[in-house]
Amino acid sequence: MNNYILSKKLFRNELSTFYSFLIGFIVALFVGSLILLIQDKNPIDVFSLMLKLSVGSINSLSNSLNKAIPLILAGLGISIINSVRLWNIGAEGQIFMGALALNFFYINSSIQNSTLYIFLLLTASFIGGSICILIPALTKVLFGVNEIITTLLTNYIVFGLTIYLINGVWKDPASLNFPAAAYVNESVYLPIIVGKLSSGFLICIIFTLLAFYIKDKSVFGYEMRIAGGSELTAIYAGISAKQKAFLAMLIGGGFAGLAGGIELLSQTHRVSTGISQGFGYTAIIVAAITGMRPLGIFLVGCLFGALTIGGSVIQTIGVSSYIAEIIQATTLFGALVAQFFFSYEIKKKVENG
Amino acid sequence: MTVPILEVKGISKTFGKVKALDSVDFYLQKGVVHGLLGENGAGKSSLMNVLSGIYIPEQGTIKIQNKKIERLNPELASSLGIGMVHQEFRLIENFTIKDNLTLSKANIFLENFKEAYLKYSEIFSLNSSYNTLVKDLSVGEKQKVEIMKLIFKNSAIMLLDEPTAVLTPQETSQLKISLETLSKEDEKTIVLITHKLKEIKDFTETIFVMKNGKMVAENLQTDKVSDKHLIELMMGEIKTMSFKKDNLKGETKLEVQNISLINNDEVNVLKDISFNIKSGEILGVAGVSGNGQVELSNVICGIQQEFNGKVLINSNDVSGKGVKSRKKLNLSYIPENRLGVGLAPGVSVLDNSAIREYFKASYGPHLSKGKMLNYLNDLIKQFSIKAPDVKAEISTLSGGNMQKLLMGRELISNPEVIVAAQPTRGLDVSAVESIHKLIINQRDEGSAVLLISEDLDELFKLSDRIIVLYEGRIIKEVDIESANIESLGLAMAGINE
């Protein structure tokens, strides 16, 4: 007979998410080391090189933080949507859609004041992200279609749309055979703050605080929590659970769209398939590790940005850049297992009717 | 008398401190339709779970066909011919009728399935091909398939738990004929478990009655026993302990006029309901649950906005308006389903405490945590709630404290109208007492209270007037001075003298 059951712990340590992350990260470094040892590389050498080349100088640090911007913004979007206990797997598509919307607005407009223009372009990218999640949001609230599936599927649609545009109507003749849209004018590039750090990072800080405020301090955040807890309670309280879910999805999608806009104006400067390198998927890991906390997403996003940069530079000594992705994924895995043990305990079974 | 096909003696089963079965005797005769009557929680389902091998009793013996069974388990019970239809169907929705019927390895009609299906679908007047998917059947048809499943796996003893709860009156009388045929032609032994007096009289030949885990009457001949006697057995003695009823009544606060409601399954769940409640008055709503109580409170509280009739609070017509219109007129609703409707599971104690008045802690879009905390601390003090950590999930509170938080949240603003549904269900004695005091205090403050309860003790103790709901209709209305338990009990069972 099975006399033991798992039961949810009633009280959790407030820092348990942070401890879980630390445990996950240590496990991930250990696993990464093992893989390096198999390849006859000294893990300490590799890791110290990664550290040096990702945060060792102003330039490398700013590269890392630039990489963190899309992870953080998309992660924040995912966390806002998770307030109503829905999952957004479509951040990758929303990032692309943000860039497409920005480019569409750019092609069809001309504004002299570049500050205003940048502001409007980024607004367009935010709206683009919202449009991208519009169909999953509508099908969710109208027909109850599982949002995990629909947001995932929109990724493929938007990626296909991007390929179509950059090989077709938007294709830049000057790019020869490389499929990409024309570069935007230098006047709308996001200015650099210091080193190579894009001012997109400031936007990122502002939006982190905004997401924190929405989730923790606003009436809307409260209503999302109640709606996420129980739709029946929300109806009982006079809160429209469907409306909150719909708005949360549009806002969350907008955050990811903005990430695509910033990426275009600060890194690629044109629409190409390089707008995102899986940022929307990594953002899910970032958001999940932090238990959907905006400030945590900011910090872990910065760390993962540094890991990505570190991973790309160690290729020069013959180590695959995938080591960074292995560390990221194993961190999530370790953290989730640790969170499980922080949240549940094994108890002796009590029979009841 | 012949030897019973099944006989249990002295069965006891306890859960924690609760004695669910207290040395129960029960026996069944072959080919007879038996009735097992009792209120909710009397122990009927526990007994059936013992017979089908799901619960292992601490004491007692089980004999099947005069053979003593040492340790019954579900598989053994099934092979000995005991089959049960649970209240929740156990059918595979995406399978056809045939697949569901032949799923059991004990199935006896594999070879000649077609003839058997023809025979029994006629007995049950089930007009569907056996290739129909179960999910395409109506609730009544699913019920038929569920019972046929027992026949197909050769169950000689068929235990039916509240089989009529989901049926229309026509389907119920059809079921009666089918069961009679089965007991006469196939010599099936049938047990009908119910709290509906009328059906037990209609369906059965012999009746057993349970009360508080004990068997209080055995083998009563159905045609010789009176309704009144059965009600007395089922309800037991009622302590007519009561709060003082010298409360002053004021002007009418809640008025309900000719409410009718047809639900999504096109069942007429509320039929022409009218009443009013004055300030300082408690109107009790008696009735077995599922007779329209939840729908009635949803209509009054604005959750169900489409219905026929009118709801007036302080003479303001709020029909067709939502929850917020009621909040403005200071109506409070304590729903039957505490965790899931009244409180949001997985959300903190603090967040849950503010559900009624969170907009009062807001400045525009900003929500003040400080104000919410002050409000919660007031609740905790005033209603002596034990909450170890207000930021922890609501499920960290005990049932009694959850209910106190919910009551406190709904009562602290001194509401004009209170709708309280089953406010003490599942609580221990001391919690029940404090909840009762809260309701009486609120009455004395001048609230109009609609108290929905299955517990007649509670209704007698608190109410000034009582109405009885049966199948969505007010079947009886009495002042507390002229009310008597028996006639209320009969009305709850659908019989109005």
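As the structure is a prediction and not an experimental result, all values here were calculated from the model. (Residues numbered from 1 in each chain as written. Chains lettered and ligands numbered in written order. Predicted model: local features only at pLDDT ≥ 70, side-chain atom pairs only at ≥ 80, totals over all residues. Heavy atoms only, no water.)

Asks: So what exactly am I meant to see when it comes to the environment of Asn496(B) here?
Replies: Residues and elements named next belong to chain B. The topology assignment puts Asn496 in the segment after α16 (485-492). When the C-alpha atoms of Asn496 and Asp186 are compared, they prove to be 37 Å apart, with 310 residues separating the residues in sequence. Residues in contact with Asn496, not counting those within four places in the same chain, are Ile475 and Lys476. (Helix = DSSP H or I, 4+ residues; strand = E, 2+ residues; numbered from the N terminus. Contact = heavy atoms within 4.5 Å.)

Asks: What should I look at first to understand the interface of chain B and chain A in this one?
Replies: How big an interface is tends to be stated in terms of accessible area lost as the parts join. Listed per partner, the contact involves 38 residues of chain B and 26 residues of chain A. For the pair chain B and chain A, the summed buried area comes to about 2,500 Å², and 58% of that belongs to carbon and sulfur atoms. Here chain B is connected to chain A by one salt bridge. The partner of Arg225(A) in a salt bridge is Asp351(B), with the nearest N and O atoms 2.4 Å apart. Across the contact surface, chain B and chain A share 18 residue pairs in polar contact (both at pLDDT 80 or more). Broken down by secondary-structure element, the contributors of at least two residues to the side of chain B that touches chain A are β1 (6-15), α10 (323-328), β18 (366-367), α12 (369-382) and α13 (399-411) of chain B. By residue class, the composition of the side of chain B that touches chain A is 20 nonpolar, eight polar and ten charged. (Buried area = accessible area lost by both parts, 1.4 Å probe. Salt bridge = Lys/Arg side-chain N within 4 Å of Asp/Glu carboxyl O. Polar contact = N/O pair within 3.5 Å; in protein donor to acceptor, adjacent residues only side chain to side chain. Nonpolar A, V, L, I, M, F, W, Y, C, P; charged D, E, K, R; others polar.)

Asks: What am I meant to see in the packing of aromatic side chains here?
Replies: Aromatic ring pairs are described here by two measures, namely the spacing of the ring centres and the angle between the planes. With the rule as written, the count across this model stands at 24 aromatic pairs over all chains. Here the aromatic rings of Phe126(A) and Phe207(A) are separated by 6.5 Å at their centres, their planes lie at 45°, and the arrangement is tilted. With a gap of 81 residues between them, Phe126(A) in helix α5 (residues 114-132) and Phe207(A) in helix α8 (residues 200-217) connect regions that are remote in the sequence. An aromatic cluster of at least three residues, connected via ring pairs, comprises Phe109(B), Phe113(B), Tyr117(B), Tyr120(B), Tyr130(B) and Phe152(B). (Phe/Tyr/Trp six-rings, centres within 6.5 Å; stacked < 30°, edge-to-face > 60°.)

Asks: Got a minute to help me understand the domain arrangement of chain A in this structure?
Replies: Residues and elements named next belong to chain A. If you check the domain split of chain A, you get domain 1 (1-41 + 319-353) and domain 2 (58-318). Centre-to-centre separation of domain 1 and domain 2, based on C-alpha positions: 28 Å. Every contact between the two is made by 16 residues of domain 1 and, on the other side, 18 residues of domain 2. Buried area between domain 1 and domain 2, both sides added, is near 1,400 Å², and the carbon and sulfur share of it is 70%. Among the residues of domain 1 in contact with domain 2, Val319, Gln328 and Leu332 are the three that bury the most area, contributing 41% of the side total. Here domain 1 and domain 2 share five residue pairs in polar contact (both at pLDDT 80 or more) between them. Among the elements of the structure, α1 (16-38) and α14 (322-343) are those that each provide at least two residues to the side of domain 1 that touches domain 2. The biggest single contributor to the side of domain 1 that touches domain 2 is α14, with nine residues. (Domains from an automatic or database assignment.)

Asks: In this structure, what is going on with the packing of helix α4 (residues 91-107) of chain A against α5(A)? I would like to understand it.
Replies: A pair of packed helices is characterised by two quantities: the angle between their axes and the separation of those axes. Residues and elements named next belong to chain A. Direction vectors running N to C along α4 and α5 enclose 135°, while the axes themselves pass 7 Å from each other. When the axis of α4 is compared with that of α5, the two are oblique. Every pair of crossing elements has a handedness; the one defined by α4 and α5 is right-handed. Taking contact as the criterion, the partners of Gly93, Gln94, Met97, Gly98, Ala101, Leu102, Phe105 and Tyr106 in α4 are, on α5, Tyr117, Leu120, Leu121, Leu122, Ala124, Ser125, Gly128, Gly129, Ile131 and Cys132. Along the lines of polarity and charge, the residues of the contact of α4 with α5 split into twelve nonpolar, six polar and no charged. (Axes fitted to C-alpha atoms, helices over the stretch in contact; angles between N-to-C directions. Parallel < 35°, antiparallel > 145°, perpendicular 65-115°, else oblique. Left-handed = near helix turned anticlockwise from the far one by under 90°.)

Asks: Would you mind showing me how to read the sheet that holds strand β11 (residues 252-262) of chain B here?
Replies: What links the strands of a sheet is backbone hydrogen bonding, and the strands pair in either a parallel or an antiparallel sense. All names here are of chain B. Taken in spatial order, the four strands make up an open sheet running β12-β11-β14-β15, and their pairing is antiparallel. On the outer flanks of this sheet lie β12 (268-278) and β15 (316-317), each paired with one strand and no other. Sheet topology note: the strand β14 (residues 308-313)/β15 ladder contains two bridges and is antiparallel. Note on β15: the bridge partner recorded for Ile313 is Asn316. Packed on one face of the sheet, helix α9 (residues 293-301) meets β11, β12 and β14 and runs near 60° to β12. (Pairing = 2+ DSSP bridges.)

Asks: Would you explain a nonpolar patch on the surface in this entry?
Replies: Residue and element names in this part refer to chain A. The grouping of Tyr4, Leu6, Phe333, Val337, Phe340, Phe341 and Ile346 at the surface amounts to a nonpolar patch, some 770 Å² of accessible area in total. At the level of elements, β1 (4-8) and α14 are the ones that each hand at least two residues to the nonpolar patch. Ranked by residue count, the leading element in the nonpolar patch is α14, at four residues. As for its position among the elements, Ile346 is in strand β4 (residues 344-348). (Patch = residues over 30% accessible without salt bridge, like charges linked within 9 Å, V, L, I, M, F, W, Y side chains within 5 Å. Areas by Shrake-Rupley, 256 points an atom, 1.4 Å probe, with all protein chains shown as cover.)

Asks: Please explain the side chain of Ser276(A) as it appears in this structure.
Replies: Residue and element names in this part refer to chain A. Mapping Ser276 onto the fold places it in the loop between α11 (241-268) and α12 (279-289). Among the polar contacts made by the side chain of Ser276, one reaches the side chain of Glu92 at a distance of 3.0 Å. Within the structure, the side chain of Ser276 is placed 3.3 Å from the backbone nitrogen of Gly278, a separation counted as a polar contact. Apart from residues no more than four positions distant in its own chain, Ser276 is found in contact with Glu92, Ile95 and Phe96.

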